[in-house]
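# Reading the structure
Below, each chain spelled out in residue letters.
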Amino acid sequence: MAPIAVGATLPDGTLSYFDAEDNLQQATVHSLAAGKKVILFGVPGAFTPTCSLKHAPGFIDHAEELKSKGIDEILLLSVNDPFVMKAWAQTYPHNKHVKFLADGSAAYTHALGLELDLSEKGLGVRSRRFALLVDNLEVKLANIEEGGAFTVSSAEDILKVL
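Rules behind the numbers
Residues numbered from 1 in each chain as written. Predicted model: local features only at pLDDT ≥ 70, side-chain atom pairs only at ≥ 80, totals over all residues. Heavy atoms only, no water. Buried < 20%, exposed > 50% of the residue type's maximum accessible area, 1.4 Å probe, protein only. Helix = DSSP H or I, 4+ residues; strand = E, 2+ residues; numbered from the N terminus. Pairing = 2+ DSSP bridges. 1 Å grid on protein atoms, 1.4 Å probe; cavity = no way out; pocket = protein on both sides within 12 Å on 5 of 7 lines; lining within 4 Å. Points joined across faces, edges and corners; volume = space filled by probe spheres on them. Core = buried A, V, L, I, M, F, W, Y, C linked by side-chain atoms within 4.5 Å. Contact = heavy atoms within 4.5 Å. Arc of directions from axis to C-beta. Salt bridge = Lys/Arg side-chain N within 4 Å of Asp/Glu carboxyl O. Phe/Tyr/Trp six-rings, centres within 6.5 Å; stacked < 30°, edge-to-face > 60°.

## What about the pairing of strand β4 (residues 73–78)?
Side chains on a regular strand alternate between the two faces of the sheet. Extensive coverage of β4 is indicated by the burial of 5 of its 6 residues. Both strand β3 (residues 37–43) and β4 contribute to a ladder of 6 bridges, which runs parallel. Paired with G42 across the two strands is L77, which belongs to β4. Where β4 and strand β5 (residues 98–102) come together, 5 bridges link them in parallel fashion. Across the sheet, residue L75 finds its bridge partner in β5, namely K99.

Listed below in structure tokens is the structure:
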């Protein structure tokens, strides 16, 4: 399957997360993104070095600036279970705006065409690193990394186009 691209409609799918009251929730991507300007960014795994030290913190640290430029939601996607995503989110106590979403079986990642097979490293199928700028479900920007690179999908890269 070809990766999602500019002009495409963001596919729907169900993802899991823990809400502010610590309740496990499921939400469709369309319920989170329809009628809104959102950033959906994906990482290969919770607690992994680049994801934890650079990618997620960049969006957390720049969230206010992103919101001031018209972003309604900042959604972080990873192929992990919701309990891992909750624990990872708790390592960023200053986070107020990035929603940590779990795609436990990689079904939504597959729908995006953004799988990364890391089986040879013992990690199974994960998500490629990416950042999408989406306006009312239409992909306006698709910054998709190759392999383990982190060169085009940062919060700073998104800020450059807003």
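Let us keep going from here.
## Some remarks on the layout of surface pockets
Quantified by volume, the largest pocket comes out at close to 400 Å³. What lines the largest pocket is a set of 19 residues, among which F18, A89, N95, V98 and F100 lie closest to the centre. Going through the elements one at a time, β1 (14–18), α4 (82–89) and β5 are the ones with two or more residues in the lining of the largest pocket. Here the lining of the largest pocket gets 4 residues from one element, more than from any other, and that element is α4. Its boundaries defined by the atoms lining it, the second largest pocket holds a volume of some 220 Å³. Surrounding the second largest pocket, 14 residues form its lining, P44, L116, L118, R129 and G148 being those nearest its centre. For the lining of the second largest pocket, the element with the highest residue contribution is helix α2 (residues 49–61), accounting for 3 residues.

## Brief notes about the nonpolar core
F41, F59, L76 and W88 are the most contacted members of the largest nonpolar core, which has 25 residues in total. For this core, the secondary structure elements donating two or more residues are β3, α2, α3 (63–68), β4, α4, β5, β8 (130–135) and α6 (155–159). A total of 4 residues in this core trace back to one element, the largest contributor, which is α2. Among residues more than four places away in sequence, those in contact with L76 are F41, V43, A56, M85, W88, V98, K99, F100 and L101. In terms of nonpolar packing, the next biggest core, distinct from the first, is built from 22 residues, Y17, V38, L137 and I144 among them.

## Re α4
Those residues of α4 that fall on the buried side of the exposure criterion are P82, M85 and W88. Seen from one end, α4 has its buried residues packed into an arc of 120 degrees, which puts them on one side. Structurally, α4 contributes buried residues whose contacts are with β1, β2 (24–28), β3, α2, β4 and β5.

## Some points on the pattern of salt bridges
Opposite charge on two side chains allows them to pair when their charged atoms are near. A full pass over the atoms with the stated rule returns 5 salt bridges. Residues E138 and K140 are paired through a salt bridge, measuring 3.5 Å at the closest nitrogen-oxygen approach. Since its relative accessible area comes to 33%, E138 is described here as partly exposed. Using a relative accessible area of 42% as the deciding quantity, one classes K140 as partly exposed.

## Comments concerning the packing of aromatic side chains
The final tally for this structure, using the stated rule, is 6 aromatic pairs. Relative to F100, the ring of W88 lies with its centre 5.3 Å away and its plane at 90 degrees, an arrangement referred to as edge-to-face. Here W88, found in helix α4, pairs with F100, found in strand β5; they are 12 residues apart in sequence, far enough to count as distant. An identical accessibility class is assigned to W88 and F100; each is buried.

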